[in-house]
Amino acid sequence: MRFLLAALLSVLLLAGSAWAAHVNVYWNVTYIEADRTGDTHRRLITVNNAYPIPPIHVTLGDTLYLHVHNMLDEPTSVHGHGLLMNGTNFMDGAGMVTQCGIPPGESFTYKYDIIQRGTFWIHGHYNHHNSDGLRTPLIVHDERQYDGEYLFFLEDWYKQSYHERLRITTGPGTVFPPPPTFPHALINGVKGELAKPIHFKKGKTYRIRLVNMAITEWFKFSITGHKLRVIEADSEYCDPLEVDGVDIGPAQRYSVLVTAHSDDQFNFNYNVTMYASFIPVKPGLNPRHYQGLVEYKKYAPLKKVAEPKRFVWAEDLNLSSLSGQKPLPVDRQIDLTLGGSPFANGQVLDIINNVTYAEPKMPTLYSALSLGKLAFNESLYGPQTHAIVLNHLEYLEVVLRNPNSLPHPIHIHGHVFQVVSSGPEEISPSLGVTEVEVQNSKEPVRNYTGRVPISRDTVVVPSGRYIKIRFRADNPGAWLLHCHMDIHMGMGMVMTFVEAPDVLQETQRIPRQMADFCRKLNIPIKGNGAGNQGFDLSGLSQPPKKVEIPS
Ligand code: C2O
Ligand code: CU
């Protein structure tokens, strides 16, 4: 009888896991004072008064309801990084792009249909909330088989709040570059020195998910004496590629498979290095090295293995999408030059094609929905919204050019894009030149090398290089393109794609509750980027003027 019951129960459980579930997650977004690393006592933003924020786990086919209650003293919003939100642009969570924030004291439920596989993350997308702590991985489990799974989410943690750092970087009168700041690494929410062991059983294969949730820094990951097989880049599965390590830019994710050795006489180390290529090397501060244990057997001796002679990193152009999607055709090419520049008001700001982003007076999506035929007029979103209107279903190639000394992890909302090639870019000396940049600008043009290109949602554009990406405008909505280094976002390296406003107007509406939030915050929901009707853009502040540097 007991056996029968147990059997019945397991059948029910099995069936249950095959059904799409409704997953409810409750987030009280709160401030707390805490010291996460031993010398960084400060105010931070977290969930339910505790940190780290627990990662969210769902299964392909589920619906995730994320109930966000705002206990801060200003509006907030959250974004599902990498979720395409096709048909639900209004749930994208980009503050002043797809929604007015959730006012203090109010709650909003984000609904996510989980129809993509892979590794994502959820983060604040209002002002500084991501930088100050509001972020956690979102893991989508699917039918893929392996013997076990480990997750590493990696963060850089600063003594200074985002606003202090932004002030140091852009404040009138600052000399550029600003004095470097050296954050600590958090590994799975705790300081890197405390990284926990992971356990391998001989002969078994493990999936390791890596999420870089840092706001400035890059992370390298490897396991001494083991090869990694990359199977996922930013939620896109790829043909397995054997490497020695992965180098992960801010906001990027990877999954690797690792097969354990066939004997368990030794334990090994996994290695996490946090670094920024644009900050001077300072032993112990940049880069910072962390190690954790890969434990085969308790108390087994630690095996030291020399690094391979030619250490192979995962590179975008060597990854090949499992989808088999050939390079897309190109209907239109959009050329974007990323950079930084001194401005006449004494600030150093970031630009894309000479425009530094500033929020419009009402969410861009709501303008696109309410402007009728005028929604195709790019200037009506406001000069500093930097809107480019895309036509429904057109194929785009975007050239991301980086003539400057800092690499930029560029992310586009609502899309994954193919990374098809990279090439040298002429250096612009406006904010200084680094050795890496000079080196990069001498490397030849490179195309993807695999069966087909990889697609992903965040690509690192190295200094002194351009990267060509392609995607199809198959997702009507207002979508940001921006650098994922938060200070660069704050400095204006942001622009907006307004995609198929005609289709958008026929298919999407602002949820009533979101309209109420805007009213509460005194933000219009109908009109242009200035919150006015028709062509009247009065009330928008004048864009600051660039200082031209003779080259
Ligand atoms: Cu991770 Cu604008 O997003
Ligand atoms: Cu950047």
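A quick note: this is a predicted structure, and the numbers were derived from the prediction, not measured.

Let's shift gears to the domain arrangement of the chain. Each assigned domain of the chain is listed with its residue range as follows: domain 1 (13-143), domain 2 (149-314) and domain 3 (332-520). The centre of domain 1, based on its C-alpha atoms, is set 23 Å off from the matching centre of domain 3. With both chains or domains summed, domain 1 and domain 3 bury close to 2,600 Å², and 59% of this area falls on carbon and sulfur atoms. Of all residues in domain 1, Asn89, Met96 and Val97 give up the largest surface area on contact with domain 3, accounting jointly for 26% of the area buried on that side. The interface formed by domain 1 and domain 3 contains one salt bridge. Among the salt bridges present, the one from Lys520 reaches Glu106, with a minimum N-O distance of 2.4 Å. Joining domain 1 to domain 3, the criterion identifies 18 residue pairs in polar contact (both at pLDDT 80 or more). Elements that contribute at least two residues to the side of domain 1 that touches domain 3 include exactly strand E5 (78-81), strand E6 (107-113) and strand E7 (118-124).

Okay, empty space enclosed by the protein next. For the structure on display, the rule yields three cavities of 30 Å³ or more. Empty space within the largest cavity amounts to approximately 60 Å³. Considering the residues around the largest cavity, the lining is formed by Phe176, Gly339, Gly340, Asp350, Asn404, Ser405, Leu406, His408 and Leu431. Looking at the lining of the largest cavity residue by residue, the class counts come to three nonpolar, five polar and one charged. If you go around the second largest cavity, the residues you meet are Arg36, Ile45, Thr46, Tyr51, Pro52, Ile53, Gly133, Arg135, Phe153, Glu155 and Met213. Listing elements by their share of the lining of the second largest cavity, those giving two or more residues are strand E2 (42-47) and strand E9 (148-157). Of the residues contributing to the lining of the second largest cavity, the split by class is six nonpolar, two polar and three charged.

Time to look at the coordination of the copper ion (ligand 2). The protein atoms donating to the copper ion (ligand 2) are His408 (ND1), Cys483 (SG) and His488 (ND1), with metal-donor distances spanning 2.0 Å. If you list the donors of the copper ion (ligand 2) from N- to C-terminus, the spacing comes out as H-x74-C-x4-H. Of this pair, His408 sits in strand E25 (residues 408-412) while Cys483 sits in strand E31 (residues 477-483), and the two are 75 residues apart along the sequence. With respect to class, His408 is no different from Cys483; both count as buried.

By the secondary structure assignment, Gln508 is in the loop between helix H6 (501-507) and helix H7 (512-520). At 3.1 Å, the side chain of Gln508 forms a polar contact with the backbone nitrogen of Asn89.

Strands sit in the order E12-E20-E19-E14-E17 across an open sheet of five strands; the sheet is mixed. Edge positions in the open sheet fall to strand E12 (198-199) and strand E17 (245-248), since each of these has one partner strand only. As defined by bridge partners, strand E14 (residues 218-223) adjoins E17 across four bridges and the pair is classed as antiparallel. Opposite Phe219, over in E17, you have Ile248 as the bridge partner.

Below, the discussion takes up the pairing of strand E18 (residues 253-259). Remark: a regular strand shows side chains that alternate across the two faces of the sheet. Most of E18 is tucked away, with six of its seven residues classed as buried. For strand E15 (residues 228-233) and E18, the ladder comprises four bridges, and the chain directions are antiparallel. Considered in E18, the bridge of Ala233 is made with Tyr254.

Moving on to the pattern of salt bridges. As enumerated under the stated definition, the model contains 21 salt bridges in all. The residue Glu394 makes a salt bridge to Arg332 at a minimum N-O spacing of 2.8 Å. Taken as a pair, Glu394 in the loop between strand E23 (387-390) and strand E24 (395-402) and Arg332 in strand E21 (residues 332-342) lie far apart in primary sequence, 62 residues in all. Relative accessible area serves as the criterion here: at 9%, Glu394 is assigned to the buried category. On the accessibility criterion, Arg332 (25% relative accessible area) is partly exposed. Glu425 is the partner of Arg401 in a salt bridge, and the nearest nitrogen-oxygen pair spans 3.0 Å. With Arg401 in strand E24 and Glu425 in the loop between strand E26 (417-424) and helix H4 (435-440), this residue pair connects regions lying 24 residues apart in the sequence. Residue classification places Arg401 among the partly exposed positions, given a relative accessible area of 21%. Three or more residues joined by partner-sharing salt bridges are found here, namely Asp234, Arg253, Asp316, Arg456 and Asp457.

What counts, and at which threshold
- Residues numbered from 1 in each chain as written.
- Chains lettered and ligands numbered in written order.
- Predicted model: local features only at pLDDT ≥ 70, side-chain atom pairs only at ≥ 80, totals over all residues.
- Heavy atoms only, no water.
- Domains from an automatic or database assignment.
- Buried area = accessible area lost by both parts, 1.4 Å probe.
- Salt bridge = Lys/Arg side-chain N within 4 Å of Asp/Glu carboxyl O.
- Polar contact = N/O pair within 3.5 Å; in protein donor to acceptor, adjacent residues only side chain to side chain.
- Helix = DSSP H or I, 4+ residues; strand = E, 2+ residues; numbered from the N terminus.
- 1 Å grid on protein atoms, 1.4 Å probe; cavity = no way out; pocket = protein on both sides within 12 Å on 5 of 7 lines; lining within 4 Å.
- Points joined across faces, edges and corners; volume = space filled by probe spheres on them.
- Nonpolar A, V, L, I, M, F, W, Y, C, P; charged D, E, K, R; others polar.
- Donors = N, O, S within 2.8 Å, 3.2 Å for Na, K, Ca; no water.
- Buried < 20%, exposed > 50% of the residue type's maximum accessible area, 1.4 Å probe, protein only.
- Pairing = 2+ DSSP bridges.

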